[in-house]
Each structure stands twice: as C-alpha cells, then as structure tokens.
Amino acid sequence: MTSSGCPHLSNYKSAKGLQVFRIIHSYFVASQTVEARKRKSIWCICHTCRQHGHRLHSCLHCIFFGCYVNHRHIHEHARAKGHFLAMDLTYGVVYCFQCGDYVYDGELEVTARKHRIQAAKLLGVKEYYHPWEPSSYEVELLKKNPKRKRITENSTIGLRGLINLGNTCFMNCIVQALTHTPLLRDFFLADRHVCQFQDDPNMCLVCEMSRLFQEFYSGNKAPHIPYRLLHLVWTHARHLAGYEQQDAHEFFIAALDVLHRHCKGTNGMSNSNPHHCNCIIDQIFTGGLQSDVVCQACNGVSTTIDPFWDISLDLGPSHINNSSSGDSSNSNSMDGDNVDDSEPTSLLDCLERFTRPEHLGSSAKIKCSNCQSYQESTKQLTMKKLPVVASFHLKRFEHSSRFHKKISTFISFPQYLDMTPFMSNRRNNNNNGSGNNGYKETADTVNIDNKFVWR
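The model shown is predicted, which means the values in this text are computed figures rather than measured ones.

Rules used in this analysis
- Residues numbered from 1 in each chain as written.
- Predicted model: local features only at pLDDT ≥ 70, side-chain atom pairs only at ≥ 80, totals over all residues.
- Heavy atoms only, no water.
- pLDDT = per-residue confidence, 0-100.
- Contact = heavy atoms within 4.5 Å.
- Pairing = 2+ DSSP bridges.
- Helix = DSSP H or I, 4+ residues; strand = E, 2+ residues; numbered from the N terminus.
- Axes fitted to C-alpha atoms, helices over the stretch in contact; angles between N-to-C directions.
- Buried < 20%, exposed > 50% of the residue type's maximum accessible area, 1.4 Å probe, protein only.
- Arc of directions from axis to C-beta.

Q: Whenever I open this one, the confidence of the model for the chain confuses me. Can you help?
A: Detailed reading of the predicted coordinates is not advisable wherever pLDDT falls low. Chain-level pLDDT for the chain is 79 on average; 80% of the residues reach the 70-or-more range. This model gives residues 320-338 a pLDDT under 50, and the stretch forms 19 contacts once residues within four places in sequence are excluded. Predicted confidence for residues 433-448 stays below pLDDT 50, and this span has 16 contacts to residues more than four positions away or in other chains.

Q: What is the right way to read the sheet that holds strand 4 (residues 94-96) from this model?
A: Two orientations exist for strands paired in a sheet by backbone hydrogen bonds: parallel and antiparallel. Taking strand neighbours across the sheet as the criterion, the 5 strands line up as 2-1-3-4-5 in an open arrangement whose pairing is antiparallel. Both outer strands of the open sheet, strand 2 (65-67) and strand 5 (101-103), are each paired with one neighbouring strand and no more. When the angles between neighbouring strand axes are averaged without regard to direction, this sheet yields 40°. Bridge count for strand 3 (residues 85-88) against strand 4 is 3 bridges, and the pairing is antiparallel. What sits directly across from Leu-85, in strand 4, is Cys-96. Packed on one face of the sheet, helix 1 (residues 7-16) meets strand 3, strand 4 and strand 5 and runs near 95° to strand 3.

Q: I would appreciate a short explanation of helix 8 (residues 182-189) in the present structure.
A: For an α-helix, the turn length of 3.6 residues means that residues three or four places apart are oriented alike. Along helix 8, the residues that are buried comprise Leu-184, Phe-187 and Phe-188. The buried residues of helix 8 all sit within an arc of 90° when viewed along its axis, so they share a single face. The secondary structure elements touched by the buried residues of helix 8 are helix 7 (169-179), helix 9 (205-216) and helix 12 (280-285). Remark: Asp-191 follows helix 8 within two positions and exhibits a positive phi of approximately 60°.

Q: Honestly, the sheet that holds strand 9 (residues 358-359) in this entry has me stumped. Any pointers?
A: Spatial strand order, 7-6-12-9: 4 strands in an open sheet with antiparallel pairing. A strand with exactly one partner marks an edge of an open sheet, and here the two such strands are strand 7 (301-308) and strand 9. Of the strand pairs in this sheet, strand 6 (residues 287-295) and strand 7 are connected by 8 bridges, and their pairing is antiparallel. The partner of Ser-291 across the bridge, within strand 7, is Thr-304.

Q: Is there a simple way to think about the environment of Leu-123 in this case?
A: Structurally, Leu-123 can be placed in the loop between helix 5 (106-122) and helix 6 (136-144). Leu-123 sits in the exposed class, given a relative accessible area of 55%. Put simply, Leu-123 and Val-34 are 89 residues apart on the chain and 9.7 Å apart in space, counted from C-alpha to C-alpha.

In structure tokens:
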C-alpha cells in the first residue's frame, strides 16, 4: 500500500468529495446503526455471481459490489466502465486500478477511524484499539531525540533496582519477575490497558503496573521506589497490609488476583474456557489441572478440571499409608512394585510425585456415581492445559502439631522443561492397563507446546 496517496484519488476527491466514501464506509465497513448492520448482511454480495465472496469491493463511482479474489468481477467492472477506484469492504481501504495498488489518504483515514469508534460503541466496546500514531508534539520530540533507546540483546534497559521499604523484599522479587515476563511487558508497554476506575484511576493496580513497566524500561538506572504499588496492594489485599515480612508466593497470587479483577471488565469470558476470562493475566498464567478419581470397585472415573495460576510441589518425604496391607497393595500396583518415598532432588522429581496416583484409603471413601455406593478410590492430578508461563511453588516449610521446620533440600531446575510426561493424555494412557496396551506415541502426544524455557 502506498502511503502518499495517488493523483487519481486526489482528482476524485476534488470532483465528488467524501460523501460517497462516508456512506459506503458507514454502512458496509463499520456499520453505525443496527439498521446498517442488517443492510450489510443482506446486500454485501457480488452483483455478478451473487456470492458472499471474500474481499468484496465496492465501486466508488457507481452502485456495484464485485468479488476481488474468486472471479475478479470488480476488475472486469473497472475495465468495462472505466471506474478505477474501489473500496475493500473488509478493511475499508481504497484500491486504485490505474496504480495497481491500495492507496492511503489521511483525510479518508480520519473519517474511517471515527466510523470504527462509533461501530465499536454500538457493539458495547468502550474503546476501539488502533495502532499508536505520534501527535505533532511527539513528532517534535522524536526529531529532537533521534537516537532513541531500544531493547537489544546487549541492552540494559529494564534492569533496575528496587528500594526495600521495610521487609518488602518479598514484593520486590515478584515485581522483578513480572516486569521481565515478555508477554506482560509487551502488553503494558503497548498501552493496551483500559482503566475500570474512571472515577478514581489511582485505585487501579493495573494502571500502577503500567506505570511501573514504563519506569523499568525508561532507561533510568536509578533505583525505583515502589511505594504506590505497595499502598495499592495493602488496599486491595488487606491480609498483606503492614510492615511484617510476608511470603513471596502469597504476594504473587494476591497480585495476580487483583490484576485479574481490575482487567477482566473489558475482556469478558472466554468462549473456549468458561473457567477464566480473556484478560492478559489469564491468557499468560492460567492453566487447567485435571483431577481423576477412579473407583476401585467398578473402575468408574470422575473427572474435574480446575484453573490454576501456580503448581505447589511438596519437598519432604512422601507420606505413604502402610498401616493396611490391603490398601498399600492397591496403590502400589499402579506405580510398579515399589514406590520411591525418598525426598525429591529435582523439579522433575517433584512433578513426578505431584502427578503420581494416590490411594485415598478406607477412611476416605467416596460415593461412586457409576455403582452408586461408597468405595475406596485412587486420585491422580495431571495437566490438562498448560499456561504460557508456568509458575512452580516449592513448599519449603513443613508444619506439624509439634514443630515447624524449613526444608533446605537442594532442588535442581533444567534449562528446558518438557511437561509432556505430566500431561493428562500421556498419564491416562500410561495408567490404562499393563504395558503399552497397544498405545503408540503420536505427534499429538509429544507436543512442542509442552516445553518451557527456564527464565
């Protein structure tokens, strides 16, 4: 697409003005009213082949709609009638057949943008998103500062210290982790957030996070003082208020919860997953945890899938109930002859234990929906859907009625983490019967989307 326009479009505007463009654009591109949307659904067909083809174009000289891709009837019309300007009814841009290209015109773009904003309001969208375009003031600033700071491989932009406000190291480490999450960084630096606190924007935690990202990536290397962030967390998560030392994991979950609540107003619920919305927090951090409870009498399976933001992993020795020989024989049969009850030393060990089938025992019988009786059962947790960014919480504190102690076991982390062995399809297939049971590993099972890079 040319950005300087063309003489044919300029001559057309001089002769006929913008009225035809306004009418076609407001009715068939960005419909302004309910009536216009109805007309668009009925009339947007090719006048030659009578099909609702892709990339339909409207002639700007007469009343004619023609397909651009399938049978190229708009091209035939241009050659036959000498009408060389047409509008793409999908994107609202003008095509010049004499230039053989789409042409850009600033005056037409201003009109089109107004129509899109009005159409968005008709659909209940508060603000129509469009790419950033510098104002005249911003253009002058860019001219005065031609050597702008950019994020490159060797750049230090984004590396900035945080002042401890009195036992707030738990907050600072989470802030550093969030500000260096690439998808979250791109969202906030693109200014995509629409504030839900119109009456008092200072109460919005997402707005404060946006300012925090601007501070981190401004190039300023002086330590930042996150006092406003701390105050907002105290306001919206009162259990974290005060100057006592808090748990970093608890702060992380509380921060995601508040950010989620302050984001979800403009996004609505997800059509693909009813458990979470389409806000940026859920898009990045939310996964699906599958719980399978298997009845030991009829092998009936009860499955539930719950959303999660993090995975909490035990570090101490596994607690296997060996008080009843009958119970232990059932549970051990699912994992082999012996169950390793040693302490895990790697993240893979922790995940293996987390997704291991657990025999619930005779003291925790549940009513089976299949055989309609209370039976012993086994429970297994697996990953149904992985988040884009996975967060693991290591339970380093062991609590009992007599004492509390910290588990200082060294846990190794791989640089590349393959979660395929812990996915629901892999675990369920491995647990169905002995051996392979005719199961073959397919491309769908070993998915590259199940792999994480440690950051």
